[in-house]
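Analysis of the macromolecular model
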Protein chains: 2
Amino acid sequence: MKTVLIGAGNLATNLGRALLKAGHDVVQVYSRTEASASELATIAGGAPVTDLNDVTNDADVYIIAVKDSVIGDVVPALCKGRECKVFIHTAGSVPMSVFEGMALHYGVLYPMQTFSKASKVDFGTIPCFVEANDDLAFTVINNLAGSLSERVMLLSTEQRRFLHLAAVFACNFVNHCYEVSAEILRKNGIPFDVMLPLIDETARKVHELKPIDAQTGPAVRYDQNIIRSQADMLKDNPLFRQIYESMSISIHHAAMRKENAE
Amino acid sequence: MKTVLIGAGNLATNLGRALLKAGHDVVQVYSRTEASASELATIAGGAPVTDLNDVTNDADVYIIAVKDSVIGDVVPALCKGRECKVFIHTAGSVPMSVFEGMALHYGVLYPMQTFSKASKVDFGTIPCFVEANDDLAFTVINNLAGSLSERVMLLSTEQRRFLHLAAVFACNFVNHCYEVSAEILRKNGIPFDVMLPLIDETARKVHELKPIDAQTGPAVRYDQNIIRSQADMLKDNPLFRQIYESMSISIHHAAMRKENAE
């Protein structure tokens, strides 16, 4: 399919590579900055553009892969004058209705992964969640998603909101736990890489056990002595301490719920 | 070395397997319950015992691998009458001084990993942190650790306290984030395994990037609209909501600190 890629950030870059690999034709790459547009155009093919007025009408699908907060600004300018094309955004937290009244055929293709420009992820293994406003858009978006990934699921805007929230916990909050861990180690002269085997095993375990069944540590039994003394060790950082306390209570409650259910 | 293993839980089981593999002689396995002692004795070798009074004097090293909270109860009964032997505990959060006045040669061997009985981890890759009260104990414990793992580090009780706290964040709290994520998905009819590629990639990323540099998502920029609406989605679960809020604020503060430092 002939596609135009709006955006040149982490997601757009990985999407550009995947589109190329799947045999699609990226005819243009739009970014506000010339350097970013050119860089991605070199990778994915097509011409770089920095003005939405210069976006071509000669494409089948327009894929918006910009920051969630900017999508609302891009949509009107992008859709205007080409209302019959198919428009897609790729954001977990933005409703499909952002296109309402702006275009005829539209939808969402949300690839749930954490992207960085440098590290190439295998797009084929990324779960992609699709939604469309009509049959034409659905056929196009579903085919496109199927050409990029082995795992495509239909999901409503409302479900996707919760999926995105679940991803915030499993990715952003998990990464912040790594951050706090790294900070504690740094202050005590211990290299962060000693933590990697534990990090890997913790992630690996939930491939075979439910997270609730994989839980260990002092908070499960709410071991007051350890919890109080560990909270005290964070007294210089009230934000870390607050995380420590809310996590410990929530882990203990989850363990009690599990016990009562068994 | 001739060893006695005190405990038959997850850690003791994995330790027993590793001792056997490294060519050590496990002469006894102690557990309060007959079934547990027998089960591990079958795996690691040696005789099962359920009374600390029946523990043999004919061993070089006594390894305590019971719950952190029980170590203080086990030590006096175990050390009495065999003060010249080498005693080791394996807990991250318990000071070496738990042996003070009870034995002459003692120390700590803390293998930092999350263990379950069923899944066999490769002990050789587990970072082991050792501490000893004198040269004799150090030689024995350091050699023992070196025979089990490729990565042995000397660490004081005070450093180990912080290491353990860092591990609580990187393992227990991370796993609780997985738990919350699974719970949100379950309530919305989405299978948890769609989250696994994101979980794996989030863990993989910190092998090459510092966690602070790997962070993404709405909290980095403190995107108020998304944060407020996501917090609202957790209104039925005040504990999850509290985690959401304290995490989001802390992520934002970390991102600002990073920006100011650059």
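A quick note: this is a predicted structure, and the numbers were derived from the prediction, not measured.

Predicted confidence across chain A gives a mean pLDDT of 95, with 100% of residues reaching 70 or more. Scored as a complex, the prediction yields pTM 0.92 and ipTM 0.93.

What follows concerns the relation of the copies chain A and chain B. Least-squares fitting of chain A to chain B yields an RMSD of 0.0 Å, with the transformation described by 0.0 Å of translation along the axis and a rotation of 180°. What the superposition gives is, in effect, a two-fold axis relating one chain to the other. Relative to the rotation axis, the C-alpha of Val174(A) is the closest in chain A, positioned 2.5 Å from it. Counting the interface residues of chain A, we find that 100% of their copies in chain B are interface residues as well, pointing to one common contact surface.

The subject of this paragraph is the sheet that holds strand E6 (residues 105-111) of chain A. All names here are of chain A. Strand order in this open sheet of eight strands is E3-E2-E1-E4-E5-E6-E7-E8, and the pairing throughout is mixed. Each having just a single partner strand, strand E3 (47-49) and strand E8 (152-154) make up the two edges of the open sheet. When strand polarity is set aside, the average angle formed by the axes of neighbouring strands in this sheet is 25°. Summarising the sheet, strand E5 (residues 86-89) and E6 pair through four bridges and their orientation is parallel. Looking at the pairing, Ile88 lines up with Gly107 of E6. Along the sheet, helix H2 (residues 34-44) contacts strand E1 (2-6), strand E2 (25-30) and E3; its crossing angle with E3, the most-contacted strand, is approximately 155°.

Looking now at the nonpolar core. Counting 127 residues, the largest nonpolar core has Ile6(A), Leu163(A), Met195(A), Leu163(B) and Met195(B) as the members making the most contacts within it. Not counting chain neighbours up to four residues away, the residues in contact with Leu163(B) comprise Leu185(A), Ile190(A), Val194(A), Met195(A), Tyr110(B), Met112(B), Phe129(B) and Leu155(B).

All names here are of chain B. Positionally, Tyr62 belongs in strand E4 (residues 61-64). By relative accessible area, Tyr62 is classed as buried at 0%. Each C-alpha atom, one on Tyr62 and one on Glu262, is 51 Å from the other, the two residues being 200 residues apart in sequence. Aside from chain neighbours lying at most four places away, what touches Tyr62 is Val4, Val55, Thr56, Asn57, Leu78, Arg82, Lys85, Val86, Phe87 and Ile88. In terms of polar contacts, Tyr62 uses its side chain to reach the backbone carbonyl oxygen of Asn57, at 3.4 Å.

The interface is formed by 90 residues belonging to chain A together with 90 residues belonging to chain B. On the chain A side of the contact with chain B, Phe169(A), Leu198(A) and Met233(A) bury the most area, a combined 8% of that side's loss. Summed over the shared surface of chain A and chain B, the number is two salt bridges. Between Asp193(A) and Arg151(B) there is a salt bridge, with the nearest N and O atoms lying 3.2 Å from each other. Counting the contacts that link chain A with chain B gives 25 residue pairs in polar contact (both at pLDDT 80 or more). Elements with a minimum of two residues in the side of chain A that touches chain B: helix H5 (157-187), helix H6 (196-205), helix H7 (211-214), helix H8 (224-233) and helix H9 (238-261) of chain A. Counting residues per element, the side of chain A that touches chain B draws most heavily on H5(A), at 25 residues. Here the side of chain A that touches chain B is composed, by residue class, of 50 nonpolar, 26 polar and 14 charged.

With that settled, consider the pairing of E5(A). Residues and elements named next belong to chain A. Along E5, one buried face is formed by Val86 and Ile88 and the opposite face, lined by Phe87 and His89, is buried too. When strand E4 (residues 61-64) meets E5, the two strands line up parallel, connected through four bridges. Opposite Ile63, over in E5, you have Ile88 as the bridge partner. As a crossover connection, the stretch from E4 through helix H3 (residues 71-79) into E5 is right-handed.

Closest axis-to-axis distance for the H5(A)/helix H9 (residues 238-261) of chain B pair is 10 Å, and the angle between their directions is 55°. Classified by the interaxial angle, the pair formed by H5(A) and H9(B) is oblique. Considering only the axes of H5(A) and H9(B), their crossing is left-handed. Side by side, H5(A) and H9(B) meet where Leu165(A), Val168(A), Phe169(A), Asn172(A), Phe173(A), His176(A), Cys177(A) and Glu179(A) of the first sit next to Phe240(B), Ile243(B), Tyr244(B), Met247(B), Ser248(B), Ser250(B), Ile251(B) and Ala254(B) of the second.

A word on helix H1 (residues 10-21) of chain B. Residues and elements named next belong to chain B. Here H1 contains twelve residues, and its C-alpha end-to-end distance of 17 Å stays within 8% of the 16 Å for a straight helix at 1.5 Å per residue. Lining the buried residues of H1 we find strand E1 (2-6), strand E2 (25-30), helix H2 (34-44), E4, strand E6 (105-111) and helix H4 (135-148). Directly after H1, the chain includes Gly23, whose backbone phi takes a positive value near 90°.

Time to look at the pattern of salt bridges. With the rule as written, the count across this model stands at 22 salt bridges over all chains. Across the pair Arg186(A) and Glu183(A) runs a salt bridge, and its minimum N-O distance is 2.9 Å. Of this pair, Arg186(A) and Glu183(A) both sit in helix H5, three residues apart, roughly one helical turn. Judged by its relative accessible area of 26%, Glu183(A) is partly exposed. Ionic pairing is found between Arg161(B) and Glu158(B), a salt bridge with its closest N-O pair at 3.3 Å. Linking Arg161(B) with Glu158(B), this pair stays in helix H5 (residues 157-187), spanning three residues, or about one helical turn. Residue classification places Arg161(B) among the partly exposed residues on the basis of a relative accessible area of 27%. In this structure Glu158(B) comes out as partly exposed when scored by relative accessible area, which is 43%.

Criteria and cut-off values
Residues numbered from 1 in each chain as written. Chains lettered and ligands numbered in written order. Predicted model: local features only at pLDDT ≥ 70, side-chain atom pairs only at ≥ 80, totals over all residues. Heavy atoms only, no water. pLDDT = per-residue confidence, 0-100. Least-squares fit on C-alpha atoms with pLDDT ≥ 70 in both. Contact = heavy atoms within 4.5 Å. Pairing = 2+ DSSP bridges. Helix = DSSP H or I, 4+ residues; strand = E, 2+ residues; numbered from the N terminus. Axes fitted to C-alpha atoms, helices over the stretch in contact; angles between N-to-C directions. Core = buried A, V, L, I, M, F, W, Y, C linked by side-chain atoms within 4.5 Å. Buried < 20%, exposed > 50% of the residue type's maximum accessible area, 1.4 Å probe, protein only. Polar contact = N/O pair within 3.5 Å; in protein donor to acceptor, adjacent residues only side chain to side chain. Buried area = accessible area lost by both parts, 1.4 Å probe. Salt bridge = Lys/Arg side-chain N within 4 Å of Asp/Glu carboxyl O. Nonpolar A, V, L, I, M, F, W, Y, C, P; charged D, E, K, R; others polar. Right-handed = clockwise from strand over helix to strand, strands pointing away. Parallel < 35°, antiparallel > 145°, perpendicular 65-115°, else oblique. Left-handed = near helix turned anticlockwise from the far one by under 90°. Expected span 1.5 Å × (residues − 1).

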